[in-house]
Amino acid sequence: MDDLALARALHVLAVVIWIGGASMATTVFLPALRRGVFGKDMLATFEAVEHRFIWQARTMVLIVGLSGFYMLWKFDLWDRFHSASFWWMHAMVCVWALFAFVLFIGEPFILKPRFHRWVHANPDLTFLWVQRAHWVLVGLAWIAVFGAVAGSHGWSIF
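Every value quoted in this text rests on a predicted model; they were computed, and no experiment measured them. (Residues numbered from 1 in each chain as written. Predicted model: local features only at pLDDT ≥ 70, side-chain atom pairs only at ≥ 80, totals over all residues. Heavy atoms only, no water.)

Draft legend 1. Inspection of the pattern of salt bridges at higher detail. Tallying each qualifying case throughout the model produces two salt bridges. Asp 3 is the partner of Lys 74 in a salt bridge, and the nearest nitrogen-oxygen pair spans 3.5 Å. Of this pair, Lys 74 sits in helix 2 (residues 42-75) while Asp 3 is found in helix 1 (residues 3-35), placing the two residues 71 residues apart along the sequence. Classification of Asp 3 as partly exposed rests on a relative accessible area of 34%. (Salt bridge = Lys/Arg side-chain N within 4 Å of Asp/Glu carboxyl O. Helix = DSSP H or I, 4+ residues; strand = E, 2+ residues; numbered from the N terminus. Buried < 20%, exposed > 50% of the residue type's maximum accessible area, 1.4 Å probe, protein only.)

Draft legend 2. Fine view of helix 4 (residues 123-152). For helix 4, spanning 30 residues, the distance from its first C-alpha to its last is 43 Å, which sits close to the expected 44 Å at 1.5 Å a residue. For helix 4, the set of buried residues is Thr 126, Phe 127, Val 130, Gln 131, Leu 137, Val 138, Ala 141, Ala 144, Gly 147, Ala 148, Ala 150 and Gly 151. Those residues of helix 4 that are buried lie in contact with helix 1, helix 2 and helix 3 (87-121). At the C-terminal side of helix 4, Gly 154 shows a positive phi close to 95°. (Expected span 1.5 Å × (residues − 1). Contact = heavy atoms within 4.5 Å.)

Draft legend 3. Focus on a nonpolar patch on the surface. Together, Leu 62, Leu 66, Phe 101, Phe 104, Ile 105, Phe 109 and Ile 110 give the surface a local cluster of nonpolar side chains, amounting to about 690 Å² of exposed area. Going through the elements one at a time, helix 2 and helix 3 are the ones with two or more residues in the nonpolar patch. In terms of residue count, helix 3 provides more of the nonpolar patch than any other element does, five residues in total. The residue Phe 109 is located in helix 3 in this model. On the basis of relative accessible area, Phe 109 is assigned to the exposed category, the value being 60%. (Patch = residues over 30% accessible without salt bridge, like charges linked within 9 Å, V, L, I, M, F, W, Y side chains within 5 Å. Areas by Shrake-Rupley, 256 points an atom, 1.4 Å probe, with all protein chains shown as cover.)

This is the structure in structure tokens:
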């Protein structure tokens, strides 16, 4: 297996784990949490699940970034960023940058210090906000994944 095949395989695997996990959290876990399926202590349940997944997500985001930029460099695909027909390249980079910001800066340094206070003040509103934020992030990720797969196989909306 050559280096580019390995980079592509790692890239796709990491995207599947990262976006698949975020999708499961958004469409299955958070709705069940908000309905009280796991009991009354939403904060403890959320933190137990989030603590286990956040490091997987962070690791996968790093792998996606490294493998993606490696393929850009090796295939010399930088000129694609000058064409609207490769909008999905922009989408992939933007979604990656957004998630990287949230996972490495937003969550630990901005949200985490305030989260307990928000949950104790109004848990229903806090977890509604968490779920809506997840829907925005996952929705953007789904668009990027769909566009990347379709676009890399020749389909274009432009």
